[in-house]
Amino acid sequence: MLTTFQASFQKLVVFCEKEQFKGYDPYDGLNSRLFKSIPVVKNNRLARIAWIQFFKRSPLNLRKIVGIQKEYNAKALGLFLSGYCHLYKSNPSDAYLQKIKFFAEKIHEQISPGYSGACWGYNFDWEARAFFQPKNMPTVVASSFIANGLLDAFEITGEQQLLTTARSTCDFILKDLNRTYDNEGNYAFSYSPADKSVVFNASLLGAKLLVRTYSFTKEEELLNESRKAVVFCCNYQQPNGAWSYGTLPFHQWIDNFHTGYNLECIADYVRFSGEHQYSEYVEKGFDYYIKNFFTTEGIPKYYNNSVYPVDIHTPSQLVITLYKLDKFEEHKELMDKVLNWTIVHMQSEKGYFYYQVNKYFTSRIPYMRWSQAWMFYAYSVYFSKIN
């Protein structure tokens with residue numbers, strides 16, 4: 001099985017390097033030169049949503065036809081950076097070190113200007129039901145993953161600038177994001193400075209960065225503010241251990257990988273804060289996660305109540321969740337079964353991983369951020385754990 005995974009990973013590496021780590025994204029429809037050339041439609045909210053959803057859902061990749069180019073995505077760069085850091089830790093080599101430096105430099109080039117600290121958004125306009133995010137509008141999700149990648153690199157290289165940048169991302173989180181408070185003074189961070197939505201995994205990702213940075217700087221403010229965000233989200237855990245995606249009426253679904261995000265963030269809070277009373281939320285949530293999102297055949301379900309669409313985020317997040325919760329060996333048999341299913345059903349002979357397997361069709365578009373970066377990161381975690 002290990003040989004199979006190593007061969008799969010090597011094919012993925014070859015593909016990503018050939019593409020120079022640039023690619024398309026499920027949500028990059030509004031980068032279309034054709035769409036931008038239509039005067040009235042390009043500014044119509046419903047038309048923008050429909051255009052994005054068409055390209056997101058279509059199994060055919062029509063991006064080249066409508067003038068969408070492959071580009072760097074800052075979050076993908078952060079995931080690749082974390083991945084190479086894991087590979088370096090298990091097998092120190094100059095080649096991995098050069099990749100770490102490459103991604104760190106590219107990340108610094110893509111910082112969104114005009115905010116209280118270093119932050120990053122996506123390389124496309126994004127129209128959603130809850131809010132509109134213009135190109136490069138920083139989000140707590142992208143910024144936290146990227147800043148954590150910089151901290152991973154700091155642990156290896158000791159370059160102070162990496163820690164300084166990650167610390168400044170905490171200023172973005174604390175000063176630029178909106179907050180939704182509960183009656184006890186705890187709160188959730190907004191997804192971006194432009195909205196006030198409550199998305200649990202997004203807020204927890206911000207809290208995770210704060211407490212991890214605290215572990216380096218020992219600033220009590222970072223710990224205290226992180227705790228408030230963690231408590232807010234823990235209080236929304238359902239009796240069965242699950243979380244809905246958010247608090248809005250149309251955010252009430254329960255899905256696989258966002259649950260995994262929640263679990264790893266709270267687990268990291270416990271790890272870096274030493275406040276083990278929050279472990280009960282992790283254990284309760286993990287019990288729900290492991291029992292509801294994976295079939296006996298090794299298929300990683302998207303929703304708690306539906307297998308389809310099988311999304312490439314689900315197997316990759318399983319590896320990361322087990323690693324973060326120190327349950328790697330306990331559930332390795334399931335993890336290996338899921339990874340093997342993923343290779344058989346979701347990896348192209350060209351090395352890249354598909355986006356989604358639906359009930360009646362498969363989207364085989366090779367998205368760089370959504371698919372390749374996540375599987376690269378997951379494999380790097382897997383190999384660092386078993387080596």
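My aim in this report is to walk through the structure given alongside it, one point at a time. (Residues numbered from 1 in each chain as written. Predicted model: local features only at pLDDT ≥ 70, side-chain atom pairs only at ≥ 80, totals over all residues. Heavy atoms only, no water.)

Details of the pattern of salt bridges
Overall, the coordinates contain 22 salt bridges when judged by the stated rule. Across the pair Glu283 and Lys327 runs a salt bridge, and its minimum N-O distance is 3.2 Å. One end of the pair, Glu283, is in helix H11 (residues 279-292); the other, Lys327, is in the loop between helix H12 (313-324) and helix H13 (332-346), with 44 residues separating them in the sequence. The exposure class assigned to Lys327 is buried, which follows from its relative accessible area of 10%. When salt bridges that share partners are traced, they join Lys208, Glu264, Asp268, Arg271 and Lys324 into one network. (Salt bridge = Lys/Arg side-chain N within 4 Å of Asp/Glu carboxyl O. Helix = DSSP H or I, 4+ residues; strand = E, 2+ residues; numbered from the N terminus. Buried < 20%, exposed > 50% of the residue type's maximum accessible area, 1.4 Å probe, protein only.)

Overview of the packing of helix H6 (residues 140-157) against helix H7 (residues 160-176)
Packed helices, taken two at a time, are described by the angle their axes make and the gap between the axes. The N-to-C vectors of H6 and H7 enclose an angle of 155°; their axes lie 8 Å apart at closest approach. Considering their axes alone, H6 and H7 lie roughly antiparallel with respect to each other. Seen along the crossing, H6 lies across H7 with a hand that is left-handed. Listed contacts from H7 to Val140, Ser143, Ala147, Leu150, Leu151, Ala153, Phe154 and Thr157 of H6 are Gln160, Leu162, Leu163, Thr165, Ala166, Thr169, Phe172 and Ile173. Partitioned by chemical class, the residues of the contact of H6 with H7 number eleven nonpolar, five polar and no charged. (Axes fitted to C-alpha atoms, helices over the stretch in contact; angles between N-to-C directions. Parallel < 35°, antiparallel > 145°, perpendicular 65-115°, else oblique. Left-handed = near helix turned anticlockwise from the far one by under 90°. Contact = heavy atoms within 4.5 Å. Nonpolar A, V, L, I, M, F, W, Y, C, P; charged D, E, K, R; others polar.)

Re the packing of H6 against helix H8 (residues 200-217)
Contact geometry of H6 with H8 gives a least axis separation of 9 Å together with a crossing angle of 25°. Our classification of the angle between H6 and H8 gives roughly parallel. The way H6 lies across H8 gives a crossing that is left-handed. Residues Val140, Val141, Ser144, Phe145, Ala147, Asn148, Leu151, Asp152, Phe154 and Glu155 of H6 lie in contact with H8, whose contacting residues are Asn201, Ala202, Leu205, Gly206, Lys208, Leu209, Arg212, Thr213 and Phe216.

Here we look at H6
Counted at 1.5 Å a residue, the expected span for H6 with its 18 residues is 26 Å, and the 25 Å between its end C-alpha atoms agrees. Within H6, 15 of the 18 residues are buried, which leaves it mostly tucked inside the rest of the structure. Downstream of H6 by one or two residues, Gly158 has phi in the positive range, about 75°. (Expected span 1.5 Å × (residues − 1).)

Section: unusual backbone geometry
Here the amide bond leading from Tyr308 into Pro309 is cis, since omega sits at -5°, within 30 degrees of zero. Secondary-structure assignment places Pro309 in the loop between H11 and strand E5 (310-311). The residue Phe21 is not glycine, and still its phi comes out positive at about 65°. The topology assignment puts Phe21 in the loop between helix H1 (2-18) and helix H2 (33-36). Even without being a glycine, Asn136 presents a positive backbone phi close to 70°. Residue class for Asn136 comes out partly exposed when judged on its relative accessible area of 38%.

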